[in-house]
Amino acid sequence: DEERELVERIYRGTIAAAVIRFFSVTGQYYDPLSIRLLIRTPSGAVLTFPVTRIGPGTYRAELTFDQAGVWVLRAEGEEPLRAVVEKRVEVVGDL
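Just so it is clear, the structure is predicted and the values come from calculations on it, not from any experiment.

A. Representation of the pairing of strand S7 (residues 69-78). As paired strands, strand S3 (residues 34-40) and S7 are joined by seven bridges and run antiparallel to one another. The partner of Ser 34 across the bridge, within S7, is Glu 78. With nine bridges joining them, S7 and strand S8 (residues 83-94) adopt antiparallel strand pairing. The residue of S8 that forms the bridge with Val 72 is Arg 88. The antiparallel pairing of S7 with S8 creates a hairpin that spans four residues between the two strands, and Glu 79 there sits at a positive phi of about 60 degrees.

B. Quick look at the pairing of strand S4 (residues 46-49). With four bridges joining them, S3 and S4 adopt antiparallel strand pairing. Opposite Arg 40, over in S4, you have Val 46 as the bridge partner. Taken together, S3 and the strand that follows it, S4, pair antiparallel across an intervening segment of five residues, in which Gly 44 is found at a positive phi of about 100 degrees.

Reading the values: rules and limits
- Throughout, a residue's number is its position along its own chain's written sequence, starting from 1.
- Residue-level local features of this predicted model are given only where pLDDT is at least 70; pairs of side-chain atoms are given and counted only at 80 or more, and the full residue set underlies all totals for whole chains, interfaces and linings.
- Side-chain measures were taken over the full set of non-hydrogen atoms in the model, leaving aside hydrogen atoms and water.
- The pairing criterion for strands is at least two bridges between them, as found by DSSP.
- By definition, any uninterrupted DSSP run of H or I lasting at least four residues is a helix, any uninterrupted run of E lasting at least two residues is a strand, and each is numbered from the N terminus.

Below is the structure:
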(Lines give C-alpha, C1' and ligand atoms only; values in the text may rest on other atoms or scores of the structure.)
Protein backbone atom coordinates (compact mmCIF):
# COMPACT_ATOMS: atom_id res chain seq x y z
CA ASP A 1 0.00 0.00 0.00
CA GLU A 2 1.12 3.51 -0.81
CA GLU A 3 1.49 5.74 2.27
CA ARG A 4 -1.18 8.44 2.35
CA GLU A 5 -1.74 11.36 4.67
CA LEU A 6 -4.27 10.84 7.46
CA VAL A 7 -6.70 13.70 7.01
CA GLU A 8 -9.23 13.28 9.80
CA ARG A 9 -9.64 11.67 13.23
CA ILE A 10 -13.11 10.91 14.66
CA TYR A 11 -14.73 8.77 17.38
CA ARG A 12 -16.27 5.34 16.82
CA GLY A 13 -20.04 5.62 16.41
CA THR A 14 -19.84 8.94 14.59
CA ILE A 15 -22.26 9.42 11.71
CA ALA A 16 -20.62 11.75 9.20
CA ALA A 17 -21.15 13.02 5.69
CA ALA A 18 -18.47 12.37 3.11
CA VAL A 19 -18.50 15.22 0.59
CA ILE A 20 -16.86 14.47 -2.76
CA ARG A 21 -15.99 17.11 -5.34
CA PHE A 22 -14.91 16.55 -8.92
CA PHE A 23 -13.25 19.33 -10.89
CA SER A 24 -11.24 19.66 -14.09
CA VAL A 25 -7.65 20.80 -14.48
CA THR A 26 -9.03 24.30 -15.12
CA GLY A 27 -10.84 24.27 -11.77
CA GLN A 28 -14.37 23.87 -13.16
CA TYR A 29 -16.68 21.51 -11.24
CA TYR A 30 -18.14 18.78 -13.43
CA ASP A 31 -20.47 15.81 -13.03
CA PRO A 32 -19.00 12.44 -14.03
CA LEU A 33 -21.35 10.11 -15.91
CA SER A 34 -20.83 7.49 -13.20
CA ILE A 35 -19.56 7.70 -9.63
CA ARG A 36 -18.58 4.94 -7.25
CA LEU A 37 -17.76 5.40 -3.56
CA LEU A 38 -15.72 2.54 -2.10
CA ILE A 39 -14.98 2.27 1.60
CA ARG A 40 -12.32 -0.02 3.05
CA THR A 41 -13.06 -0.62 6.73
CA PRO A 42 -10.37 -1.37 9.34
CA SER A 43 -11.32 -5.07 9.14
CA GLY A 44 -10.46 -5.05 5.41
CA ALA A 45 -14.01 -5.27 4.05
CA VAL A 46 -14.62 -3.18 0.92
CA LEU A 47 -18.11 -1.70 0.70
CA THR A 48 -19.84 0.39 -1.97
CA PHE A 49 -21.97 3.33 -0.79
CA PRO A 50 -24.56 5.35 -2.74
CA VAL A 51 -23.93 9.06 -3.27
CA THR A 52 -26.37 11.93 -3.74
CA ARG A 53 -25.66 14.91 -5.98
CA ILE A 54 -25.91 18.14 -3.96
CA GLY A 55 -24.55 20.58 -6.54
CA PRO A 56 -22.41 20.82 -9.69
CA GLY A 57 -19.61 18.28 -9.31
CA THR A 58 -20.44 17.83 -5.62
CA TYR A 59 -21.77 14.63 -4.02
CA ARG A 60 -22.52 13.43 -0.52
CA ALA A 61 -22.79 10.09 1.31
CA GLU A 62 -23.79 9.41 4.94
CA LEU A 63 -21.45 6.99 6.73
CA THR A 64 -21.43 5.43 10.19
CA PHE A 65 -17.91 4.79 11.44
CA ASP A 66 -18.52 1.79 13.69
CA GLN A 67 -15.02 0.24 13.85
CA ALA A 68 -11.86 1.66 15.39
CA GLY A 69 -8.88 1.92 13.03
CA VAL A 70 -8.12 3.53 9.68
CA TRP A 71 -10.87 3.76 7.07
CA VAL A 72 -10.09 4.53 3.42
CA LEU A 73 -12.74 6.35 1.36
CA ARG A 74 -12.23 6.28 -2.40
CA ALA A 75 -14.52 8.02 -4.89
CA GLU A 76 -14.12 7.22 -8.57
CA GLY A 77 -15.68 9.24 -11.38
CA GLU A 78 -15.85 8.15 -15.04
CA GLU A 79 -16.38 10.24 -18.16
CA PRO A 80 -15.72 12.80 -19.41
CA LEU A 81 -12.59 12.64 -17.22
CA ARG A 82 -11.33 9.80 -15.04
CA ALA A 83 -10.95 11.07 -11.50
CA VAL A 84 -10.11 9.49 -8.16
CA VAL A 85 -10.48 11.17 -4.78
CA GLU A 86 -9.13 9.32 -1.74
CA LYS A 87 -9.27 10.16 1.96
CA ARG A 88 -8.10 8.35 5.11
CA VAL A 89 -9.99 8.64 8.39
CA GLU A 90 -8.80 7.30 11.72
CA VAL A 91 -11.54 6.18 14.09
CA VAL A 92 -10.60 6.15 17.78
CA GLY A 93 -12.44 5.12 20.98
CA ASP A 94 -16.12 5.63 21.69
CA LEU A 95 -18.11 8.85 21.78
